[in-house]
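# Observations on chain architecture
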Amino acid sequence: MKALVPVADGVEDIETVTVVDVLRRARVDVTVASIGPSAGVTCARGCRLTADCTLAEAAATDYDLIVVPGGAKGAENLSQDRTLVECLRRQKASGRWFAAICAAPALVLAHHHLTDDLRTTCYPSFRDRLAHPSDERVVVDGNCITSQSPATAMAFALKLVELLCGAQTSREVAAAMLFAA
């Protein structure tokens with residue numbers, strides 16, 4: 001399984017790192033791709049990340065999953081990237097998984113009409129931007145997975161593992177981290 005996690009300055013630290021870490025624990029081949037010309041990204045709370053490559057370099061590859069981290073500024077930056085929007089449109093059209101957490105379901109997915117026909121969730125202050133909002137912590141509708149906040153990042157990441165690798169693998173990864181849902 002292959003996953004793409006696009007990043008930009010301002011992405012939420014916990015949401016980004018948790019998703020990458022948990023997917024890699026499940027042996028998913030994760031590519032972290034910066035939308036900017038350099039690999040360096042400064043997260044919302046000041047953590048510095050070094051992406052594996054740029055999104056321009058990663059965009060030609062097909063992924064089983066694309067996960068968009070939140071953080072209001074990061075989601076705004078990601079939303080403005082045409083390459084990412086095209087990747088997400090192709091992902092949805094192909095029936096492959098696409099996901100977003102926190103501000104990203106509203107500022108990226110809904111903003112570009114990728115979830116007009118889907119039930120989704122996001123950080124509560126952005127809820128009014130969703131076509132079919134839900135109050136659930138993690139929502140799966142069609143080939144889209146959304147979640148609410150840094151506090152739901154672990155449940156979100158484990159749901160991604162479940163959908164990509166199966167429920168048993170998700171339980172094993174959770175148990176190894178001593179995570180109780």
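Report on the accompanying structure. (Residues numbered from 1 in each chain as written. Predicted model: local features only at pLDDT ≥ 70, side-chain atom pairs only at ≥ 80, totals over all residues. Heavy atoms only, no water.)

### Quick notes on the side chain of glutamine 148
Here glutamine 148 shows up in the loop between β11 (144–147) and α6 (153–165). Within the local environment of glutamine 148, its side chain forms a polar contact with the backbone oxygen of glutamate 136, the two atoms lying 3.0 Å apart. Leaving out residues up to four positions away in the same chain, glutamine 148 has contacts with Ile101, Cys102, Thr121, Cys122, Tyr123, Ser134, Asp135, Glu136 and Arg137. (Helix = DSSP H or I, 4+ residues; strand = E, 2+ residues; numbered from the N terminus. Polar contact = N/O pair within 3.5 Å; in protein donor to acceptor, adjacent residues only side chain to side chain. Contact = heavy atoms within 4.5 Å.)

### Considerations on the packing of helix α1 (residues 13–25) against α6
Interhelical geometry of α1 versus α6 gives an angle of 35 degrees and a closest axis separation of 9 Å. Regarding α1 and α6, the two cross each other, and that crossing is right-handed. Residues Ile14, Glu15, Thr18, Val19, Val22 and Leu23 of α1 form the contact with α6, whose own contacting residues are Ala153, Met154, Phe156, Ala157, Leu158, Leu160, Val161 and Leu164. Looking at the contact of α1 with α6 residue by residue, the classes come out as 12 nonpolar, 1 polar and 1 charged. (Axes fitted to C-alpha atoms, helices over the stretch in contact; angles between N-to-C directions. Left-handed = near helix turned anticlockwise from the far one by under 90°. Nonpolar A, V, L, I, M, F, W, Y, C, P; charged D, E, K, R; others polar.)

### Focus on the nonpolar core
Where a protein is soluble and globular, its nonpolar side chains tend to be buried together. In this structure, Leu23, Leu88, Phe156 and Leu160 are the most contacted members of the largest nonpolar core, which totals 62 residues. Of the residues forming this core, the biggest block, 7 residues, is contributed by α6. If sequence neighbours within four positions are ignored, leucine 23 has contacts with Ala3, Val28, Val30, Leu65, Leu160, Val161 and Leu164. (Core = buried A, V, L, I, M, F, W, Y, C linked by side-chain atoms within 4.5 Å. Buried < 20%, exposed > 50% of the residue type's maximum accessible area, 1.4 Å probe, protein only.)

### A few points about unusual backbone geometry
Leaving glycine aside, a negative phi is the common case for residues, and trans is the common case for peptide bonds. Look at arginine 27: it is not a glycine, yet its phi comes out positive at around 65 degrees. Within the chain, cysteine 102 stands out as a residue other than glycine whose phi angle is a positive 65 degrees.

### Things to note about the packing of α6 against helix α7 (residues 167–176)
Look at α6 against α7: their axes get within 7 Å of each other, and the N-to-C directions meet at 145 degrees. In the crossing of α6 with α7, the sense of the turn from one axis to the other is right-handed. When α6 is examined against α7, the residues Leu158, Val161, Glu162 and Cys165 are found in contact with a partner set consisting of Ala167, Thr169, Ser170, Val173 and Ala174. Considered class by class, the residues forming the contact of α6 with α7 number 6 nonpolar, 2 polar and 1 charged.

### With respect to the side chain of threonine 146
Looking at where threonine 146 falls in the secondary structure, it is placed in strand β11. Overall, threonine 146 belongs to the buried group, its relative accessible area being 0%. Reaching out from threonine 146, the side chain makes a polar contact with the backbone nitrogen of threonine 121 at a distance of 2.9 Å.

### Looking at the pairing of strand β1 (residues 2–7)
Burial analysis of β1 places 5 of its 6 residues in the buried class, which makes it a mostly covered element. With 6 bridges joining them, β1 and strand β2 (residues 29–34) adopt parallel strand pairing. Considered in β2, the bridge of alanine 3 is made with valine 30. With 2 bridges joining them, β1 and strand β6 (residues 65–68) adopt parallel strand pairing. Looking at β6, one finds that leucine 4 is bridged to isoleucine 66. (Pairing = 2+ DSSP bridges.)

### Points about the sheet that holds β11
One open sheet accounts for 7 strands, arranged β5-β2-β1-β6-β7-β11-β10; its pairing is mixed. The outermost strands of the open sheet, each flanked by one partner alone, are β5 (53–54) and β10 (138–141). Direction of pairing for β6 relative to strand β7 (residues 97–101): parallel, over a ladder of 4 bridges. When the sheet's bridge partners are listed, isoleucine 66 is paired in β7 with phenylalanine 98. Sheet contacts for helix α4 (residues 82–94): β1, β6 and β7; angle to β6, the most-contacted strand, approximately 135 degrees.

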